[in-house]
Amino acid sequence: MSLNLTPGKVSLADLSQIYWESPAVTLNSEAKQAVEQAANFVEKAANADAPIYGINTGFGKLSGIRIPAEQTELLQRNLILSHCCGVGEPLPEKIVRMVMVLKLLSLGRGASGVRWKVIEQIEAMLEKGVTPVIPAQGSVGASGDLAPLAHMTAVLIGEGQAIYQGQTFSGAEVLQIIKREPLVLRAKEGLAMINGTQVSTALALAGVFEGWRCVLAALITGALSTDSAMASTAPFHPEIQNLRGHQGQIDAAQTLRNLMQDSEIRESHLDGDVRVQDPYCIRCQPQVTGACIDLLRQAANTLSIEANAVTDNPLVLSTGETEIPLQIVSGGNFHAEPVAFAADQTALALAEIGAIAQRRIALLVDPKLNFGLPPFLSPDAGVNSGFMVAEITSAALMSENKHLANPCSTDSTPTSADQEDHVSMATHAARRLLTMNDNLGRILGIELLTAAQGLEIRKASLSPLNTSSSLNRVLAEVRENVAFLEEDRFLAPDLENAAMLIRNGKLIKAAGEANFPKLRESQN
């Protein structure tokens, strides 16, 4: 499968498909003319007398050093090699492939001054399944993701390392395998490759896409918990949500109503229930989960714009004149502040989804709060501890995510001899979302198991009353992977299997995808 994309016009749906499916990607050939025109202009500028940053000068604090035309190629090659200073574990392959696609989209706008040949090299690597090894650490999110993008670019020129068919090869070896010649970078091409926010943006997009699956799963586990606790659905009434007006809240309540629509258990206690109100973790699901939906949509909107953006420096701009159609101008599009803000927003959403889910877990295992279910949901509590420590694990993960949700965008430190004196910290702001989604998936997996356990105990005690058709399909999916907890057993594999169900999207399909809201721009 291959996607043909038009730079500047890539949708959020396209980006989601690229993340989840990792297809080969090519650019619309209509972009070639503008790309080549800018490259030709840069080539002329490199041989001219006037100093132009990064084209015939050094970089950063070395921008005052003039580079002769005959050293242009050496300048660009040395730039890549000197900037390959990343450390730490490699980024996941699917994120690296997203980075490559985002770089294609940026270069394809025709403002970076690279040849079409550079774009073809990236396209070929995507098509053949060659994934550069990019260490995860080493970028402060301005001037672009310099170190990680240098590691990506190194493979294009036959340096660095890459993964191909599950094995690690040198850049030179992998290009030979796929029958591609190493690129010889010309004027500005190295700079165009490593200036940019593509690593931060790819990581942040991954955080949003994974987080969106989690927030939809949280609506499922929340509905299961609500029916398990025999809680009221009155707080999900549409008019309550409409009177406040936040779209995420409206959508969350609608989904909860959809999922519980034909529950006989719910119908059985509409009248005569001695409880007046449920705890906030049940009653305020639309307000809390809905606010998280809005945050994820806002972040997705920012990142969709960034994915289509040109973020290197300097840029080849149109003057609007016929005599001198282009000019080269230095700016600051490489500064990833919007991405850092989007990552921080996403982190807040992930932390709060987990926080309220953990309170529902605590409610279900507590006989003082769970309305007649056994302690820790064990059919034979005492000799069995049931989900006692699973709840503690969820609390540990919740607190870890709270800590990780502290903002990164408020931090900055001067780098590069004070030339780059304010930076975004977007890269690790976005990278920590991988850990947060892992934690959140496990919190929700624990809620899935406790809610399923409680609901099945409830169904047995109220037989022949049943839960909703949507939730019954979810229960069936759960029980294909994790058995009912009759007595204590080694639970760790069950927790991992439940987390996998949260993350792989199967619960959403089981519940009926039409029941759920879509990831789109915020309506507010």
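Given the structure is predicted, the values throughout are model-derived calculations rather than measurements.

Calculation criteria
- Residues numbered from 1 in each chain as written.
- Predicted model: local features only at pLDDT ≥ 70, side-chain atom pairs only at ≥ 80, totals over all residues.
- Heavy atoms only, no water.
- Patch = residues over 30% accessible without salt bridge, like charges linked within 9 Å, V, L, I, M, F, W, Y side chains within 5 Å.
- Areas by Shrake-Rupley, 256 points an atom, 1.4 Å probe, with all protein chains shown as cover.
- Salt bridge = Lys/Arg side-chain N within 4 Å of Asp/Glu carboxyl O.
- Helix = DSSP H or I, 4+ residues; strand = E, 2+ residues; numbered from the N terminus.
- Pairing = 2+ DSSP bridges.
- Contact = heavy atoms within 4.5 Å.
- Buried < 20%, exposed > 50% of the residue type's maximum accessible area, 1.4 Å probe, protein only.
- 1 Å grid on protein atoms, 1.4 Å probe; cavity = no way out; pocket = protein on both sides within 12 Å on 5 of 7 lines; lining within 4 Å.
- Points joined across faces, edges and corners; volume = space filled by probe spheres on them.
- Nonpolar A, V, L, I, M, F, W, Y, C, P; charged D, E, K, R; others polar.

*Asks:* Is there a simple way to explain a nonpolar patch on the surface in this structure?
*Replies:* Among the surface-exposed residues, Met388, Val389 and Ile392 lie close enough to one another that they form a single nonpolar patch of about 250 Å² accessible area. With respect to the helices and strands, Ile392 occurs in helix H16 (residues 388-404).

*Asks:* Whenever I open this one, the sheet that holds strand E6 (residues 161-164) confuses me. Can you help?
*Replies:* Backbone hydrogen bonds are what pair the strands of a sheet, in a parallel or an antiparallel way. If you trace the 3 strands from one edge of the open sheet to the other, you get E4-E6-E7, paired in antiparallel fashion. Each edge of the open sheet is held by one strand with a lone partner, namely strand E4 (131-132) and strand E7 (167-170). Taken together, the 2 bridges between E4 and E6 define a ladder with antiparallel strand orientation. Paired with Thr131 across the strands is Ile163, a residue of E6.

*Asks:* Could you clarify how one ought to interpret the environment of Ala39 in this entry?
*Replies:* In this structure, Ala39 sits in helix H2 (residues 32-46). Residues Ala39 and Pro286, 247 residues apart in the sequence, show an inter-C-alpha distance of 52 Å. Setting aside residues up to four positions removed in sequence, Ala39 forms contacts with Gly113, Val114 and Arg115.

*Asks:* Please clarify how the pairing of strand E9 (residues 326-329) should be interpreted in this entry.
*Replies:* Looking down a regular strand, the side chains alternate between one sheet face and the other. Alternating positions in E9 separate cleanly, Leu326 and Ile328 being buried on one face and Gln327 and Val329 remaining unburied on the opposite face. Summarising the sheet, strand E8 (residues 315-318) and E9 pair through 4 bridges and their orientation is antiparallel. Looking at the pairing, Leu315 lines up with Val329 of E9.

*Asks:* Would you mind going over unusual backbone geometry with me for this structure?
*Replies:* A negative phi angle characterises most non-glycine residues, just as the trans form characterises most peptide bonds. At the junction of Ala142 and Ser143, the peptide bond is cis and its omega measures out at 0 degrees in the coordinates. With an omega of 15 degrees, the peptide bond between Ser463 and Pro464 qualifies as cis. Within the fold, Pro464 resides in the loop between helix H17 (426-462) and helix H18 (469-481). Residue Gln165 is not a glycine yet carries a positive backbone phi of 50 degrees. Position of Gln165 among the secondary structure elements: in the loop between E6 and E7. Take Gln165: its relative accessible area is 65%, and that puts it in the exposed class. One non-glycine residue, Met425, lies in positive phi territory at about 60 degrees. Secondary-structure assignment places Met425 in the loop between H16 and H17.

*Asks:* Got a minute to help me understand empty space enclosed by the protein in this structure?
*Replies:* By rolling a water-sized probe across the atoms, one finds the places where empty space is left. Counted according to the given criterion, the structure contains 3 cavities of 30 Å³ or more. By volume, the largest cavity is sized at about 40 Å³. The class makeup of the residues in the lining of the largest cavity is 6 nonpolar, 1 polar and 3 charged.

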